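# Coordinates in review
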Amino acid sequence: QVQLVESGGGSVQPGGSLRLSCLASAMPMEYYAIAWFRQAPGKEREGVGCIGGSNGPADYADSVKGRFTISRDVAKKTVYLQMNSLKPEDTGAYYCAANPGYHYHSCSWFPEISAGGVWGQGTQVSVSS
């Protein structure tokens, strides 16, 4: 069984920073593309960004480009989402996900994850003054 667990959410003021963690267990996580999604109340889920397997290139949504950075620590089996210059519209539940199957190693599937995708439980991020 693969397992993803997010942590690091919290409340922060606009302009602040926050780093989320995604612990990826029971799979060769270094080979998997891992993506971040978020969902604000009353809005559809949106893809935030994705980092390719073997530290492949990362892709980001236009809304976070230049502010968010995804990185991977293989030894810790963790993918991070560093969020800087946070805005109130960044508020939402954040989830990490992997997409086992063909091309699991790349971000080519992002943001259209398949039904067999693996999700974490989510962590809440609130940005307000």
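Above this text is the structure in question.
Anyway, here's the lowdown on the structure attached to this text. This structure is a prediction, so every number in the text was calculated from the model and none was measured.

### Regarding the packing of aromatic side chains
Following the criterion strictly, the structure yields five aromatic pairs and no others. Ring geometry for Phe37 versus Phe110: centroids 5.6 Å apart, planes at 55 degrees, classification tilted. With Phe37 in strand β4 (residues 34-39) and Phe110 in the loop between β9 (92-98) and β10 (118-119), this residue pair connects regions lying 73 residues apart in the sequence. The two residues Phe37 and Phe110 agree in class, both being buried. Centroid distance Phe37 to Trp119: 4.9 Å. Interplanar angle 50 degrees. Geometry classified as tilted.

### Comments concerning the environment of Gly101
In this fold, Gly101 is placed in the loop between β9 and β10. Assessed through its relative accessible area of 41%, Gly101 is described here as partly exposed. Along the sequence, Gly101 and Cys50 sit 51 residues apart, while their C-alpha atoms lie 16 Å from each other.

Cut-offs applied
Residues numbered from 1 in each chain as written. Predicted model: local features only at pLDDT ≥ 70, side-chain atom pairs only at ≥ 80, totals over all residues. Heavy atoms only, no water. Phe/Tyr/Trp six-rings, centres within 6.5 Å; stacked < 30°, edge-to-face > 60°. Helix = DSSP H or I, 4+ residues; strand = E, 2+ residues; numbered from the N terminus. Buried < 20%, exposed > 50% of the residue type's maximum accessible area, 1.4 Å probe, protein only.

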